[in-house]
2 protein chains.
Amino acid sequence: MNIGKASLATGVSAKMIRYYESVGLIRPSERTESNYRDFSERDLNDLRFIRRARSLGFSVEEISRLLSLWRDRNRPSREVKAMAEKHVADLDARIKEMQAMADALRDLSRCCAGDDRPDCPILSDLAGSPAAASQGVTP
Amino acid sequence: MNIGKASLATGVSAKMIRYYESVGLIRPSERTESNYRDFSERDLNDLRFIRRARSLGFSVEEISRLLSLWRDRNRPSREVKAMAEKHVADLDARIKEMQAMADALRDLSRCCAGDDRPDCPILSDLAGSPAAASQGVTP
DNA sequence: CTAAACCTTCCCGTCATGGGAAGGTCAATG
DNA sequence: CATTGACCTTCCCATGACGGGAAGGTTTAG
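Bear in mind that the values here come from a model prediction, so they are computed numbers and not experimental data. (Residues numbered from 1 in each chain as written. Chains lettered and ligands numbered in written order. Predicted model: local features only at pLDDT ≥ 70, side-chain atom pairs only at ≥ 80, totals over all residues. Heavy atoms only, no water.)

## What to know about the packing of helix α1 (residues 3-10) of chain A against helix α2 (residues 14-22) of chain A
Residues and elements named next belong to chain A.
Inference 1: Their axes nearest at 9 Å, the elements α1 and α2 cross at an angle of 100°. By the criterion of interaxial angle, the relationship of α1 to α2 is roughly perpendicular. The residues of α2 that touch α1, namely those facing Ile3, Ala6 and Ser7, are Ala14, Ile17 and Arg18.
Inference 2: Here the contact of α1 with α2 is composed, by residue class, of four nonpolar, one polar and one charged. (Axes fitted to C-alpha atoms, helices over the stretch in contact; angles between N-to-C directions. Helix = DSSP H or I, 4+ residues; strand = E, 2+ residues; numbered from the N terminus. Parallel < 35°, antiparallel > 145°, perpendicular 65-115°, else oblique. Contact = heavy atoms within 4.5 Å. Nonpolar A, V, L, I, M, F, W, Y, C, P; charged D, E, K, R; others polar.)

Quick look at the structure:
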């Protein structure tokens, strides 16, 4: 199966497949006489695995580890679980950061008239105006 | 004020200041006779503005627009508010994606024994096992 | 005067991905 | 059988927002 079919069959773009090969995430596939890549069913399964793992936000490096655990029949599930939990923690941290940004901006937005006038608490905040806009107790 | 002091005064690294200049986010500062950058108070205010905007997740391109709005005394606050709302929407979308990832992984993790045994619903899921692990109604 | 601590520019690496050029191969159609 | 279009190959470049570090000039403290 050439790279185009493999791409269709797995949802991983041809570009990505070549990239994954180049960084050692997948083993180089077989080649035909004319030097076309030739993917086996097993290769396709690896690609599907990678695609799913990417969709869960794992980095290529993490997936590399996950792939070897997958291939190791004697892996302790402990290791996999630890990776998953670490990744969840990373995600949660990033989510929290972004939540803080969004919340701060929502606050500022709420206080901005959003009309033709130039007065704008959002810009005031960015400019470091001490009189920022958080409807809270301003003593 | 040279770039080191400016960096200390604004919390923007010297590298970043040069970068912002190179991409046209800030105007090139004055230079001393010996070609050192020489920042004015106004430059520092711009840098602080940028720092705050970056901390709210705005891209350099968006900040470029925000800076011109800030400098324009006749800006309609409508434009600023629109940018803020768009950015909040972007953040929310990304947060939602990451939440979905984290939730899915938490589900899988919960079902993984995490011990010495090799059986692992996380790997099964990545491998596309139809018998995935979502404690739900499996008919 | 010298050495440390600055500054300058320039180039490379990150991470996962897309774009595109130049050139070889395969399949279907005239 | 030849052509054409749709593939494939490798190689290089770009993204965004930085950081690292080299080579060389400047300032400042001792």
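## Regarding the domain arrangement of chain A
Accessible area lost when the parts come together is the quantity often used to give the size of an interface.
Inference 1: Per the domain assignment, the segments making up chain A are domain 1 (1-75) and domain 2 (87-133).
Inference 2: Each of domain 1 of chain A and domain 2 of chain A has a C-alpha centre, and the two are 41 Å apart. (Domains from an automatic or database assignment.)

## Regarding a nonpolar patch on the surface
Residue and element names in this part refer to chain A.
Inference 1: A surface patch of nonpolar side chains, amounting to about 250 Å² of accessible area, comprises Met16, Tyr19 and Val23.
Inference 2: Along the chain, Tyr19 falls in helix α2.
Inference 3: Accessibility expressed as a relative area gives 40% for Tyr19, which makes it partly exposed. (Patch = residues over 30% accessible without salt bridge, like charges linked within 9 Å, V, L, I, M, F, W, Y side chains within 5 Å. Areas by Shrake-Rupley, 256 points an atom, 1.4 Å probe, with all protein chains shown as cover. Salt bridge = Lys/Arg side-chain N within 4 Å of Asp/Glu carboxyl O. Buried < 20%, exposed > 50% of the residue type's maximum accessible area, 1.4 Å probe, protein only.)

## Focus: the relation of the copies chain A and chain B
Inference 1: Each copy superposes on the other: chain A lies on chain B with an RMSD of 0.1 Å after a rotation of 180° and an axial shift of 0.0 Å. Classification of the inter-copy transformation places it as that of a two-fold axis. Proximity to the rotation axis, assessed at the C-alpha, singles out Ile95 of chain A in chain A; its C-alpha lies 2.9 Å from the axis.
Inference 2: Most of the interface of chain A is mirrored in chain B, where 100% of its interface residues are also at the interface. (Least-squares fit on C-alpha atoms with pLDDT ≥ 70 in both.)

## Description of unusual backbone geometry
Inference 1: Of note, the phi angle at Asn35 of chain A is positive, near 75°, even though the residue is not glycine.
Inference 2: Tracing the chain through its elements places Asn35 of chain A in the loop between β1 (30-31) and β2 (37-38).

## Side note on the pattern of salt bridges
Inference 1: Enumeration over the complete set of coordinates arrives at 26 salt bridges over all chains.
Inference 2: Put simply, Arg117 of chain A and Asp115 of chain A hold a salt bridge, and the shortest N to O gap is 2.5 Å.
Inference 3: Note that Arg31 of chain B and Glu21 of chain B form a salt bridge whose closest N and O atoms lie 3.8 Å from each other. Remark: Glu21 of chain B occurs in helix α2 (residues 14-22) and Arg31 of chain B occurs in strand β1 (residues 30-31); sequence separation between them is 10 residues.
Inference 4: Overall, the relative accessible area of 38% leaves Arg31 of chain B in the partly exposed class.
Inference 5: The class for Glu21 of chain B is buried, based on a relative accessible area of 16%.
Inference 6: Taken together, the salt bridges that share partners define one network made up of Arg27, Asp43, Asp46 and Arg71 of chain A.

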